[in-house]
Amino acid sequence: MEVTNTADPEYFHRVVDCQYACPAHTPVPEYIRLIAQGRYDDAYMINWESNVFPGVLGRTCDRPCEPACRRGRLGKDGSEEPVAICRLKRVAADNKDNILSRLPAIPSNNNGKRIALIGAGPASLTVARDLLPLGYELVLFDEQKVAGGMMRSQIPSFRLPEKVLNEEIDFILRDQVELRLGKRVDSMKAVLDEGFDAVFIGTGAPKGKELNLPGSEECTANIHVGVSWLSSVAFEHTTRIGRRVIVLGGGNTAMDCCRTARRLGGEDVKVVVRSPRETMKASPWEIEDAEHEGIPILNNHVPKEFIVENGRLVGMRFEKVEAQYDENGKRSLVPTGEDPVVIPCDDVLVAVGQENSFPWIERDIGIEFGDWDMLKVDTRTFATTNKKVFVAGDAAIGPENIITAVAQAHQAAISIDKYCMGQAIDDRPAPGHTLISQKMGVHEWSYSSSVADDPRHVVPLIATDKALADRKVEVELGFDRQLGLEEAERCLNCDVQTVFEAKRCIECDACVDICPTDCLTMIGNSEEGQLRENLTFPARNVEQPLFISDDLATGRVMVKDENVCLHCGLCAERCPTGAWDMQKFLYRVTQAGKACQL
Amino acid sequence: MTYLRPNFRHPDAPTNRIGFTEKDYEGALSTLCAGCGHDSISSAIVSACFELSIEPHRVAKLSGIGCSSKTPTYFLSNSHGFNSVHGRMPSVTTGANLANRDLIYLGVSGDGDSASIGLGQFGHVVRRNLNMLYVLENNGCYGLTKGQTSATTDLDSVNKAGVNNPFEPIDLTKLALQLGATFVARSFSGDKEQLVPLIKAAISHRGFAFIDVISPCVTFNNNPGSKKSYDFVREHCEATATIDFVPMQEEITTAYEPGSTKEVTLHDGSVIRLQKPMTDYRPDNRHAALEALHRAEQRGEILTGLLYIDEDPSDLHDTLNTVSTALNALDEEALCPGNKVLQSINRSFR
Ligand SMILES: Cc1cc2nc3c(=O)[nH]c(=O)nc-3n(C[C@H](O)[C@H](O)[C@H](O)COP(=O)(O)OP(=O)(O)OC[C@H]3O[C@@H](n4cnc5c(N)ncnc54)[C@H](O)[C@@H]3O)c2cc1C
Ligand SMILES: Cc1ncc(C[n+]2csc(CCOP(=O)(O)OP(=O)(O)O)c2C)c(N)n1
Ligand code: SF4
Ligand code: SF4
Ligand code: SF4
Ligand SMILES: [Mg+2]
């Protein structure tokens, strides 16, 4: 295999599994260390810079970082759980002091460029956060009366208290953005005609899918589209639901619907899902939370009919199925032939998907549409085919999550900035990175290199009866400082990299011998497949890179399987020549402003 | 600060025949200098015992004084241990073995411990053919006391201060061969592919097994001009053969070209397989081994590998015709048969 080029920041970036998996590439281990040191403000600001909504995300993030966490790969047969990265973010947010003075200054005289932001969800708010300090004049449009997008209209208060959301929106807007709220934008052309220098579309995927089955026409009053119903609850237009509720769908929206229904008078609430449990779209922890509130989930039930008696909805009929896979692994749900299942109910919440909807964008203003009436988007620059118009978040790619919207919006902000400054938007800025030795003494590192054995700590919850009594009561109490510290200690510090210098190595074997997880092998080089098999423990996780050193004196190479390295620093501690060193790698995605100065 | 080794091991780490992982054979984190060859030997002992599926409580580790003699703390922490006085490991092991013949005796010593203060004890334990593995961690200096020249320092080897050694070294492999050792080998701490099977074979050998492991002292004897530095040893090693050890439980499956291998079968049915042996090398001939050592020395090379083995020797217990049961397993009546028996023994001497 070729010698690894560690000068390319992408190599070490990939080793920091959590940060790499985070769409916004939040420097996770860096903030976790700061939490362990009690430096909550610093931990918060590291997050704020990358993901804009630490308090919100510390409660609601889809956490793609956690399945990626190295710790989850270390147990025998999957017995080890990832670090609670997401809930640690909340610890930073909950314990921060007043950070107002640390927010970037907004210049008093603007740069003469005016930008329209349509939709006030996390995507538009992120663009606002990035562009305001650069002197842009911003106008924010939303049909709702308050900013926040689906963070406010969809995510229930028992998961995300309004106070937390409001605080973080205030950190962004700081009364410096012209708000045009409470009025839907009905014409893109009209917005463009106002002479904005650029327009950003952050309107999300607002339309909930409906389910047309026999009976649905006859009892529309008791069949609700999940997303519309949730926002009507959030804005207090809806305050009650029937005693018996069926929620259709297996995604996170279904989980929020059923839990909200439990708080609005639903006593007998069931989630009914077409597919088997293993393929449900909802995050495992959301399913767990729903079940914890006494909500059963019935899988393999395909809805067939709304049963209506005397013009009133009385129940639903389902067909039982099982999943069968053909030789290509394609799934089909095949009826089992059992009797249909009838479940009585008073209301049905349909949570079977969301769609984009752009009836307000004229088709003759240079903004092209592709398949399924989706915008044509460059997923690197987030430009549309109209050079003035940019888009990110759910509007760009269909329903995803907050952190994806934020990550994309940072990129869109760079494009808007470059476009307004007359620069080529295709020329993307390189990430910033630093690599610094952490050695303090013979046995001393600037990070806590020992590896804690603790199993993942469980987030304390409020008593279920209290939670169900009021939809605004937050269910999770969060880690307190002590638990936060203990959970933080579980982090392996994957950003503290093992950096190797072949010409210093005397091939004494000390590092190979000490390495607890046997990631190091000195061996003759060969092609990748062969080499992976030849290591002390075959490196069969091909998602994880191998490090290959320059040739050693004997002609062998030092090979490191990054897969299970604990970043414990023992190799560097046992190396007599300093051929291994532990160096902290900090990778930062370049944001707007800096991008134009480069 | 790291004085603790993390508890995580490779998630695919296998268990051996008796359900242990390699971790179960480890010891405390070493306090030796980073890069010391002795640590590699510890690691090889761990691998060998794991692979042989030895029950750790059946091993007794004994040592003298020196960095090398400290190492038993760093492996097999579930085994018995005795850190004796300088150069006295052989006599303590002899006593222990005579009292309890059921344990596996693993003696660890240094060149100072064995070739200087302990040379007398070394000679006697060899000639008695005590059933044990004697590992000499040979770095050509007194590491623990700051690197003084030892009795195995090679002629004209240059020490860290730049001074040549004017004395002939003692080669303990030769001495062992001359005094009747039944298993003699030499290896290098930096060559586990050779060292681990040698340790396994030596443990399986019933009788005195001696392995002289050249083990660089990274702090005091790894300088240019030293003949026990990593670079020097690596450049000058010459193996009698590539060694492979097949324990008795395993079936031999690999086929080899006829003539390319030599096999030695041990008393318990295990097999030592020597591949690509040097032409005419015969591991069952003591004189040939001595000669080969001599010839290699003249070429300026270090001969490693299995040098000599007596496949079916008689050990000290055989020679002394001792009771076949460990003393701690005998009951009071057998151990202390009373005045009548004593009188009859005394009578037999009159
Ligand atoms: C029930 C539910 C629960 C969810 N839970 C989570 C979660 O826990 N974690 C997570 O990460 N993600 C969650 N999501 C997804 C997440 O909310 C979205 O991915 C995210 O909010 C998308 O951000 P956005 O800025 O692209 O759009 P949105 O947040 O959807 O914001 C778009 C805004 O544009 C406005 N708008 C749309 N059209 C117009 C128009 N023509 N004129 C004026 N305004 C308009 C809308 O009113 C809305 O306020 C959830 C989604 C749902 C439906
Ligand atoms: C009776 C006695 N004499 C001298 C010493 C001092 N001493 C301690 S270790 C040592 C030499 C150890 O050399 P070696 O056995 O080669 O071990 P190494 O440290 O090189 O591994 C000496 C002379 C001692 N501890 N006891
Ligand atoms: S830091 Fe070094 S010793 Fe520790 S697990 Fe990684 S490679 Fe092994
Ligand atoms: S400990 Fe250092 S010198 Fe020894 S083999 Fe490892 S990297 Fe090379
Ligand atoms: S002094 Fe030499 S022999 Fe002793 S621990 Fe250090 S390197 Fe090893
Ligand atoms: Mg010595």
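Each chain has its residues counted from 1, following the order in which its sequence is written. Written order determines the labels here, with chains lettered from A and ligands numbered from 1. Residue-level local features of this predicted model are given only where pLDDT is at least 70; pairs of side-chain atoms are given and counted only at 80 or more, and the full residue set underlies all totals for whole chains, interfaces and linings. Derived side-chain values reflect all non-hydrogen atoms in the structure, with water molecules and hydrogen atoms excluded from consideration.

**Some words on the interface of chain A and chain B**
With 34 residues of chain A in contact, the opposing surface of chain B contributes 30 residues. Between chain A and chain B, roughly 2700 Å² of surface is buried when both sides are summed, and carbon and sulfur atoms account for 55% of that area. Where Asp39(B) meets Arg574(A), a salt bridge forms, and the shortest distance between an N and an O atom there is 2.5 Å. Any pair of nitrogen or oxygen atoms within 3.5 Å is treated as a polar contact; in protein, a donor-acceptor pairing is required on top of that, and neighbouring residues in sequence qualify only through side-chain atoms on both sides. At the boundary of chain A with chain B, the tally comes to 17 residue pairs in polar contact (both at pLDDT 80 or more). Contacts were defined at the residue level, with two residues in contact if any of their heavy atoms lie within 4.5 Å. What counts as buried area is the accessible surface, traced by a 1.4 Å probe, that two parts surrender upon association, with contributions from both included. Salt bridge, as used here: a side-chain nitrogen of Lys or Arg that lies within 4 Å of a carboxyl oxygen of Asp or Glu.

**Observations concerning the domain arrangement of chain A**
All names here are of chain A. If you check the domain split of chain A, you get domain 1 (114-206 + 355-420) and domain 2 (208-354). Taken over C-alpha atoms, the centre of domain 1 sits 31 Å from the centre of domain 2. Contact with domain 1, which involves 13 residues of that partner, is made by 13 residues of domain 2. For the pair domain 1 and domain 2, the two sides together bury roughly 1200 Å², of which 54% comes from carbon and sulfur. A per-residue breakdown of the area domain 1 buries against domain 2 is headed by Gln154, Phe158 and Glu355, which together make up 45% of the total. Our count for the domain 1 to domain 2 interface comes out at two salt bridges. We note a salt bridge from Glu286 to Arg159, for which the minimum N-O separation is 3.4 Å. At the surface where domain 1 touches domain 2, the tally comes to five residue pairs in polar contact (both at pLDDT 80 or more). Domain limits in this description derive from either an automatic procedure or a database domain assignment.

**Examining the pattern of salt bridges**
A side chain of one charge can pair with a side chain of the opposite charge if their charged atoms are brought near each other. Counting across every chain of the model gives 66 salt bridges over all chains. One salt bridge connects Arg273(B) with Asp244(B), and the closest N-O pair in it is separated by 3.2 Å. Note that Arg273(B) is positioned in strand 12 (residues 271-275) and Asp244(B) in strand 10 (residues 242-246), a separation of 29 residues in sequence. Counted as one network, the salt bridges with shared partners bring together Arg114(A), Glu137(A), Glu178(A), Arg180(A) and Glu194(A). A run of H or I in DSSP counts as a helix once it spans at least four residues, and a run of E counts as a strand once it spans at least two, with each numbered from the N terminus.

**Describing the packing of aromatic side chains**
Put simply, two rings from Phe, Tyr or Trp (the six-membered ring, in Trp's case) pair if the centres are within 6.5 Å, and we call them stacked under 30 degrees between planes, edge-to-face over 60, tilted for the rest. A full pass over the atoms with the stated rule returns 19 aromatic pairs over all chains. One aromatic cluster in this structure is built from Tyr11(A), Phe12(A), Phe585(A) and Tyr587(A). Sitting over a ring, as applied to charges here, requires NZ of Lys or CZ of Arg to be within 6 Å of the ring centre and within 35 degrees of the ring normal. A cation over an aromatic ring shows up here: Arg63(A) above the ring of Trp285(A), its NZ or CZ 3.7 Å from the ring centre. Note that Lys61(B) overlies the ring of Phe75(B), its terminal NZ or CZ placed 5.7 Å from the centroid.

**Topic: the site of ligand 4**
The cutoff for a nearby residue is simple: one of its non-hydrogen atoms must lie within 4 Å of the molecule or strand. In the vicinity of ligand 4 lie 15 residues, with Cys505(A), Ile506(A), Cys508(A), Cys511(A) and Cys575(A) positioned nearest. Grouping the amino acids of the shell around ligand 4 by side-chain chemistry returns 12 nonpolar, one polar and two charged. Three classes are used: nonpolar for Ala, Val, Leu, Ile, Met, Phe, Trp, Tyr, Cys and Pro, charged for Asp, Glu, Lys and Arg, and polar for all others, with Gly counted as polar.

**Side note on the packing of helix 14 (residues 252-263) of chain A against helix 15 (residues 284-292) of chain A**
All names here are of chain A. Helix axes are fitted only over the stretch in contact, all axes being lines through C-alpha atoms; the angle between N-to-C directions runs from 0 to 180 degrees. At their nearest, the axes of helix 14 and helix 15 sit 10 Å apart, and the two run at 20° to each other. Classed by the angle they form, the pair helix 14 and helix 15 counts as roughly parallel. The crossing of helix 14 and helix 15 is left-handed. For the pair helix 14 and helix 15, the contacting residues are Asn252, Met255, Asp256, Cys258 and Arg259 in the first and Glu286, Ile287, Asp289 and Ala290 in the second. Looking at the contact of helix 14 with helix 15 residue by residue, the classes come out as four nonpolar, one polar and four charged. Note on angle classes: values under 35 degrees are labelled roughly parallel, values over 145 roughly antiparallel, values of 65 to 115 roughly perpendicular, and the remainder oblique. Note on convention: near helix rotated counterclockwise from far helix by under a right angle means a left-handed crossing. Clockwise means right-handed.

**Focus: the coordination of the magnesium ion (ligand 6)**
Ideal donor angles around a metal are set by the shape: a four-donor tetrahedron calls for 109.5 degrees, a six-donor octahedron for 90 or 180 degrees. All names here are of chain B. Within the protein, the magnesium ion (ligand 6) binds to Asp111 (OD), Asn139 (OD1) and Cys141 (O); these donor distances fall in the range 2.0 to 2.1 Å. Excluding water, the donors of a metal are its N, O and S neighbours within 2.8 Å, or within 3.2 Å for Na, K and Ca, and that exclusion means sites may look incomplete. Sequence positions of the donors to the magnesium ion (ligand 6) reduce to the motif D-x27-N-x1-C. Separated by 30 residues along the polypeptide, Asp111 in helix 4 (residues 111-115) and Cys141 in strand 5 (residues 141-142) bring together distant segments of the chain. Taken as a pair, Asp111 and Cys141 share a single burial class, namely buried. Each residue's exposure class comes from its accessible area (1.4 Å probe, protein chains only) as a fraction of the maximum for that residue type: buried when under 20%, exposed when over 50%, partly exposed otherwise.

**Re empty space enclosed by the protein**
Residue and element names in this part refer to chain A. Cavity: a set of points on a 1 Å grid over the protein atoms alone where a 1.4 Å probe fits but cannot get out. Pocket: an open set with protein on both sides within 12 Å along at least five of seven lines, its lining residues, like those of a cavity, having an atom within 4 Å of a point. Grid points are joined across faces, edges and corners, and a volume is the space filled by probe spheres set on the points. Under the counting rule described, the total for this entry stands at eight cavities of 30 Å³ or more. The computed volume of the largest cavity comes to approximately 130 Å³. Lining the largest cavity are 13 residues, with Arg59, Arg87, Arg159, Asp289 and Glu476 sitting closest to its centre. Going through the elements one at a time, helix 5 (54-60) and helix 15 are the ones with two or more residues in the lining of the largest cavity.

**Looking at the sheet that holds strand 12 of chain B**
Residues and elements named next belong to chain B. Within the open sheet, the three strands sit side by side as 10-12-11. Their pairing is antiparallel. The outermost strands of the open sheet, each flanked by one partner alone, are strand 10 and strand 11 (261-265). Direction aside, the axes of adjacent strands within the sheet are offset by 20° on average. Note: strand 10 against strand 12, five bridges, orientation antiparallel. Bridge pairing in strand 12 places Phe245 opposite Ile272. A pair of strands is labelled paired if DSSP reports no fewer than 2 bridges between them.

**Brief notes about a positive patch on the surface**
A patch consists of residues whose relative accessible area exceeds 30% and which take part in no salt bridge; residues with like charges are grouped when within 9 Å of each other, and nonpolar side chains (Val, Leu, Ile, Met, Phe, Trp, Tyr) when within 5 Å. Per-residue accessibility takes into account occlusion by the displayed protein chains alone, with areas from the Shrake-Rupley method and a 1.4 Å probe. All tallies of charge rest on Lys and Arg as positive and Asp and Glu as negative; His and the ends of each chain are not included. A single reference atom marks each charge: NZ on Lys, CZ on Arg, CG on Asp, CD on Glu. On the surface, Lys209(A), Arg274(A), Lys281(A) and Arg331(A) cluster together into a positively charged patch. Mapped onto the fold, Arg331(A) is located in strand 12 (residues 331-335).

**Concerning the nonpolar core**
As a rule of thumb, soluble globular proteins bury nonpolar side chains together. Residue and element names in this part refer to chain A. Nine residue types can take part in a nonpolar core, namely buried Ala, Val, Leu, Ile, Met, Phe, Trp, Tyr and Cys, and a core is a set of them joined through side-chain atoms within 4.5 Å. Counting residues in each nonpolar core, the largest one holds 71 residues, and the members touching the most others are Phe53, Met188, Ile201 and Ile361. Per element, the largest residue contribution to this core is 11 residues, and it comes from helix 17 (residues 402-420). Filtering out sequence-adjacent residues up to four positions away, Met188 remains in contact with Ile118, Val199, Ile201, Trp360, Ile361, Glu362, Ile365, Ile367 and Val389. Counting residues in hydrophobic clusters, the runner-up holds 50 residues, among them Ala502, Cys505, Met522 and Cys575.

**Some points on the pairing of strand 12 of chain A**
Each regular strand shows side chains that alternate between the opposite faces of the sheet. Residue and element names in this part refer to chain A. Of the pairings in the sheet, the one linking strand 11 (residues 312-325) to strand 12 comprises five bridges and is antiparallel in character. Directly across from Glu322, in strand 12, lies its bridge partner Val334. Adjacent in sequence and paired antiparallel, strand 11 and strand 12 are bridged by five residues, among which Gly329 carries a positive phi angle near 80°.

**A short note on the pairing of strand 23 (residues 557-561) of chain A**
Residue and element names in this part refer to chain A. Buried residues dominate strand 23, accounting for five of its five residues. When strand 21 (residues 520-523) meets strand 23, the two strands line up antiparallel, connected through four bridges. Opposite Thr521, over in strand 23, you have Val559 as the bridge partner. Relative to strand 23, strand 22 (residues 546-551) runs antiparallel, the two being bridged by four bridges. The residue of strand 23 that forms the bridge with Phe547 is Lys560. What sits between strand 22 and strand 23 in their antiparallel hairpin is a turn of five residues, with Gly555 showing a positive phi close to 90°.

**Regarding the site of ligand 2**
Residue and element names in this part refer to chain B. Taken together, the neighbourhood of ligand 2 is formed by 17 residues, with Ser68, Asp111, Gly112, Asp113 and Gly143 sitting nearest. The backbone of Cys141 places a nitrogen or oxygen atom 2.9 Å from an oxygen atom of ligand 2. Surface burial for ligand 2 is 73%, taken as the share of its 590 Å² of free accessible area covered by protein chains. If you tally residues by element for the shell around ligand 2, the top one is helix 4, at three residues. When its residues are assigned to classes, the shell around ligand 2 shows six nonpolar, nine polar and two charged.

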